[in-house]
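What the coordinates show
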Number of protein chains: 2
Amino acid sequence: MKFRRSERLIDMTNYLLEHPRQLIPLTFFSDKYDSAKSSISEDLAIIKETFEQRGIGTLQTVPGAAGGVKFFVKVGNQEVKPFINELCELIASPERLLPGGYLYMTDILGNPSIVQKAGRLFASAYAHADIDVVMTVATKGIPLAYAVASQLNVPVVIVRRDSKVTEGSTVSINYVSGSTKRIQTMVLSKRSLEEGSKVLIVDDFMKAGGTINGMVSLLDEFNALVAGIAVLVESEEIEERLVEDYLSLVKLSNVDVKEKKISVSEGNYFKHN
Amino acid sequence: MKFRRSERLIDMTNYLLEHPRQLIPLTFFSDKYDSAKSSISEDLAIIKETFEQRGIGTLQTVPGAAGGVKFFVKVGNQEVKPFINELCELIASPERLLPGGYLYMTDILGNPSIVQKAGRLFASAYAHADIDVVMTVATKGIPLAYAVASQLNVPVVIVRRDSKVTEGSTVSINYVSGSTKRIQTMVLSKRSLEEGSKVLIVDDFMKAGGTINGMVSLLDEFNALVAGIAVLVESEEIEERLVEDYLSLVKLSNVDVKEKKISVSEGNYFKHN
């Protein structure tokens, strides 16, 4: 069956969006649509231009016999700014205040559309980085970790607080929580991470950074490397930050329980992207 | 700026894929592309035809002043069958066997591409059902729950084994695990689920169904309703199934630890779809 250009453009768009960071040979498309390679190249040029103009992503053409095309998520600045502002507004709502100055974030993290967008932002920042796997700690960071990983085309490994029989043998470490100074444990299934892996750490919230530091120590045990750290919200209210190099979308600067006021601002995402 | 048809088709495809089950007025697109409604209608007809032919989904046109277009995920049978077969093969690998006859599934659940596809299958099955929210229990079901929810355009609520300070006030229930007959607890944040919600329960694995039954009891406490139950893998090795009406992709029929043989077959997904 022959395909018209319009059909090819629609189906290729869908295919590329579903296969980020994968090299797709032109012959794959020309076979799929029973079309000449020259037509496919023209299609890709149109898609590339539209993706770039509309802030969807970029296409990279790899020339040669083993060549093809690769799609990378690239969120345009015109989309980043309003999204981060929307997040800040959402988080600043006084109804989020819980006893002890904690913030209720479950609705935000439970909204797949927000989580996907945040994931696209981080994937956009690390699109060209050498990353083999995304790591997070159970439970709240999981959805964001998957949102990032699916756009980077890498697996997710989940660190747990306790070992479970379905995880097989595990490696466990003790670490000191940055804010409460308590000793805590984290556990990772031995099989789940290969030696030498380059790991992007993703989490929903970072206070002093003790948990993230714990994950960094755990990576040491696996002879794996930190390729980046991405958090949705960082809290400024700390004496000493244990983690230096990270990306955040939102910065929580002050929580005034008495006045019911939550002060938030943009995270450092913009400074780096 | 005027848009050519090819650019509109690419950008509309991306937009529709990102906004499943949302009514998008034609004026939204005609404003976005500075194009006549008649052109947009033609574009949508082409997209609809291609989506249906390629097993991407369906477009529903809602006529009238408050009308527009809605995208629903619809996975074609030509895609379902090979995917379920691939899952069965993956799960049947003897290397998955853990002490006690448990199966290591962390790599499968850690693969965003597999999880997305499984999510699309379930979203396809429930695309036209009246669902307000997807519910799962921490930890392993979370990625699949988000994959389904993002395609159904609904939030996710996560039931936990213990209450956390960041969840605010909670409702907790005790339930009996179907296979071990032990009393267990599950907890859900009070704010996270509205009364009367229609809930799709999603989990990675169902043995006797005790955990899922627990979630059903929890829904009672919230005066919420079960709209469906979807599990990636069901186990046949049980005396008595506590849950009757559900969808599964894979059925685990026998785990022979001595012979290192795992027997799997298709779940009941096909019988219903």
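In short, a report on the structure.

Thresholds, definitions, all that
- Residues numbered from 1 in each chain as written.
- Chains lettered and ligands numbered in written order.
- Predicted model: local features only at pLDDT ≥ 70, side-chain atom pairs only at ≥ 80, totals over all residues.
- Heavy atoms only, no water.
- Helix = DSSP H or I, 4+ residues; strand = E, 2+ residues; numbered from the N terminus.
- Buried < 20%, exposed > 50% of the residue type's maximum accessible area, 1.4 Å probe, protein only.
- Contact = heavy atoms within 4.5 Å.
- Areas by Shrake-Rupley, 256 points an atom, 1.4 Å probe, with all protein chains shown as cover.
- Pairing = 2+ DSSP bridges.
- Axes fitted to C-alpha atoms, helices over the stretch in contact; angles between N-to-C directions.
- Buried area = accessible area lost by both parts, 1.4 Å probe.
- Salt bridge = Lys/Arg side-chain N within 4 Å of Asp/Glu carboxyl O.
- Polar contact = N/O pair within 3.5 Å; in protein donor to acceptor, adjacent residues only side chain to side chain.
- Phe/Tyr/Trp six-rings, centres within 6.5 Å; stacked < 30°, edge-to-face > 60°.
- Least-squares fit on C-alpha atoms with pLDDT ≥ 70 in both.
- Core = buried A, V, L, I, M, F, W, Y, C linked by side-chain atoms within 4.5 Å.
- Parallel < 35°, antiparallel > 145°, perpendicular 65-115°, else oblique.
- Left-handed = near helix turned anticlockwise from the far one by under 90°.
- Nonpolar A, V, L, I, M, F, W, Y, C, P; charged D, E, K, R; others polar.
- Expected span 1.5 Å × (residues − 1).

**A closer look at the overall build of chain A**
Looking only at helices and strands, one finds 9 helices and 10 strands in chain A. Across the 273 residues of chain A, 55% fall into the buried class. Taking the contacts inside chain A whose residues are at least 6 apart along the sequence as the reference set, 61% of them involve residues at least 24 apart. A total of about 11,800 Å² of accessible surface is found on chain A, and carbon and sulfur atoms cover 48% of it.

**Here we look at the sheet that holds strand 8 (residues 225-235) of chain B**
All names here are of chain B. Spatially, 4-3-7-8-9-10 is the arrangement adopted by the 6 strands of the open sheet, whose pairing is mixed. This sheet does not close on itself; its edge strands, each paired only once, are strand 4 (156-159) and strand 10 (261-266). On average, adjacent strands in this sheet sit at an angle of 25 degrees to one another, irrespective of strand direction. Summarising the sheet, strand 8 and strand 9 (residues 247-256) pair through 5 bridges and their orientation is parallel. Its bridge partner lying in strand 9, E234 is registered against K251. Set on the sheet, helix 8 (residues 210-221) makes contact with strand 3 (133-137), strand 4, strand 7 (198-206) and strand 8; between it and strand 7 the angle comes to about 160 degrees.

**Quick look at the interface of chain B and chain A**
Listed as interface residues are 56 residues of chain B and, on the opposing side, 56 residues of chain A. Roughly 4,600 Å² is buried in total at the junction of chain B and chain A, and carbon and sulfur atoms are behind 60% of that figure. It is I10(B), R54(B) and R191(B) in chain B that bury the most area against chain A; as a group they hold 14% of the surface buried on that side. The interface formed by chain B and chain A includes 8 salt bridges. Here chain B is connected to chain A by 14 residue pairs in polar contact (both at pLDDT 80 or more).

**Remarks on the packing of aromatic side chains**
The geometry of two aromatic rings is summed up by the distance between their centres and the angle between their planes. Residues and elements named next belong to chain A. Under the defined criterion, the tally for this structure stands at 12 aromatic pairs over all chains. Where Y15 meets F29, the ring centres are 5.8 Å apart and the plane angle is 85 degrees; that geometry is what we call edge-to-face. Of the two residues, Y15 is situated in helix 1 (residues 5-18) and F29 in helix 2 (residues 26-33); the sequence distance between them amounts to 14 residues. Each member of the pair, Y15 as well as F29, is classed as buried.

**Structural notes on the relation of the copies chain B and chain A**
For the pair chain B and chain A, the superposition axis carries a translation of 0.0 Å, the fit reaches an RMSD of 0.0 Å, and the rotation angle comes to 180 degrees. The superposition operator between the copies reduces to a two-fold rotation axis. Taken together, the interface assignments show that 100% of the residues at the interface of chain B recur at the interface of chain A, consistent with an identical surface on both copies.

**A word on the pattern of salt bridges**
Residue and element names in this part refer to chain A. Using the criterion set out here, one finds 32 salt bridges over all chains in the structure. With a closest N to O distance of 2.5 Å, D43 and R8 form a salt bridge. Here D43 is found in helix 3 (residues 37-53), whereas its partner R8 is found in helix 1, with 35 residues between them in sequence. A residue is classified by how much of its surface remains accessible, and D43, at 0% relative accessible area, is buried.

**Considerations on the nonpolar core**
Counting 132 residues, the largest nonpolar core has F29(A), L249(A), F29(B) and L249(B) as the members making the most contacts within it. Ignoring anything within four residues of it in the chain, the contact list for F29(A) reads M12(A), Y15(A), L16(A), I24(A), I40(A), L44(A) and V69(A).

**What to know about the pairing of strand 2 (residues 68-73) of chain A**
Residues and elements named next belong to chain A. For strand 2, a buried count of 5 out of 6 residues is recorded, marking the element as mostly surrounded by other parts of the structure. Pairing between strand 1 (residues 57-62) and strand 2: 6 bridges, direction antiparallel. Bridging across to strand 2, Q60 finds its partner in K70. In this structure, the hairpin formed by strand 1 and strand 2 is closed by a connection of 5 residues, where G64 is found at a positive phi of approximately 100 degrees.

**Overview of the pairing of strand 7 (residues 198-206) of chain A**
Residue and element names in this part refer to chain A. The buried fraction of strand 7 is high, at 7 of 9 residues. Both strand 3 (residues 133-137) and strand 7 contribute to a ladder of 3 bridges, which runs parallel. The partner of M135 across the bridge, within strand 7, is I201. Of the pairings in the sheet, the one linking strand 7 to strand 8 (residues 225-235) comprises 8 bridges and is parallel in character. In the sheet register, V199 faces strand 8, and the bridge partner there is V226.

**Looking at the sheet that holds strand 7 of chain A**
Residue and element names in this part refer to chain A. Within the open sheet, the 6 strands sit side by side as 4-3-7-8-9-10. Their pairing is mixed. If you trace the sheet from one side to the other, it starts and ends with strand 4 (156-159) and strand 10 (261-266), each paired once. The average undirected angle you get between the axes of adjacent strands in this sheet is 25 degrees. The sheet strands contacting helix 4 (residues 77-91) are strand 8, strand 9 (247-256) and strand 10, and the helix crosses strand 10 at an angle near 165 degrees. Contacts from helix 8 (residues 210-221) reach strand 3, strand 4, strand 7 and strand 8 within the one sheet, and its direction differs from that of strand 7 by about 160 degrees.

**With respect to the environment of N111(A)**
Along the polypeptide, N111(A) turns up in the loop between helix 5 (106-109) and helix 6 (112-125). In this structure the C-alpha to C-alpha distance between N111(A) and P143(A), which are 32 residues apart in sequence, comes to 9.6 Å.

**Overview of the side chain of T106(A)**
Positionally, T106(A) belongs in helix 5. A distance of 3.4 Å separates the side chain of T106(A) from the side chain of E167(B), its partner in a polar contact. For T106(A), the contacting residues outside a window of four places in its chain are K140(A), T166(B) and E167(B).

**Quick look at the packing of helix 1 of chain A against helix 3 (residues 37-53) of chain B**
Contact pair helix 1 of chain A / helix 3 of chain B: the axes reach a minimum separation of 10 Å and the direction vectors enclose 60 degrees. Between helix 1 of chain A and helix 3 of chain B, the angle falls in the class oblique. Handedness of the helix 1 of chain A/helix 3 of chain B crossing: right-handed. Across the interface between the two elements, S6(A), E7(A), I10(A) and D11(A) of helix 1 of chain A pack against I46(B), I47(B), E49(B), T50(B), F51(B) and Q53(B) of helix 3 of chain B. Residue classes in the contact of helix 1 of chain A with helix 3 of chain B are distributed as 4 nonpolar, 3 polar and 3 charged.

**Brief notes about helix 1 (residues 5-18) of chain B**
Here helix 1 of chain B is 14 residues long and its end C-alpha atoms lie 20 Å apart, about the 20 Å a rise of 1.5 Å per residue gives. Within helix 1 of chain B, 12 of the 14 residues are buried, leaving the element largely enclosed by the surrounding structure. Taken together, the buried positions of helix 1 of chain B are occupied by S6(B), E7(B), R8(B), L9(B), I10(B), D11(B), M12(B), T13(B), N14(B), Y15(B), L16(B) and L17(B). The secondary structure elements touched by the buried residues of helix 1 of chain B are helix 1 and helix 3 of chain A together with helix 2 (26-33), helix 3, strand 1 (57-62) and strand 2 (68-73) of chain B.

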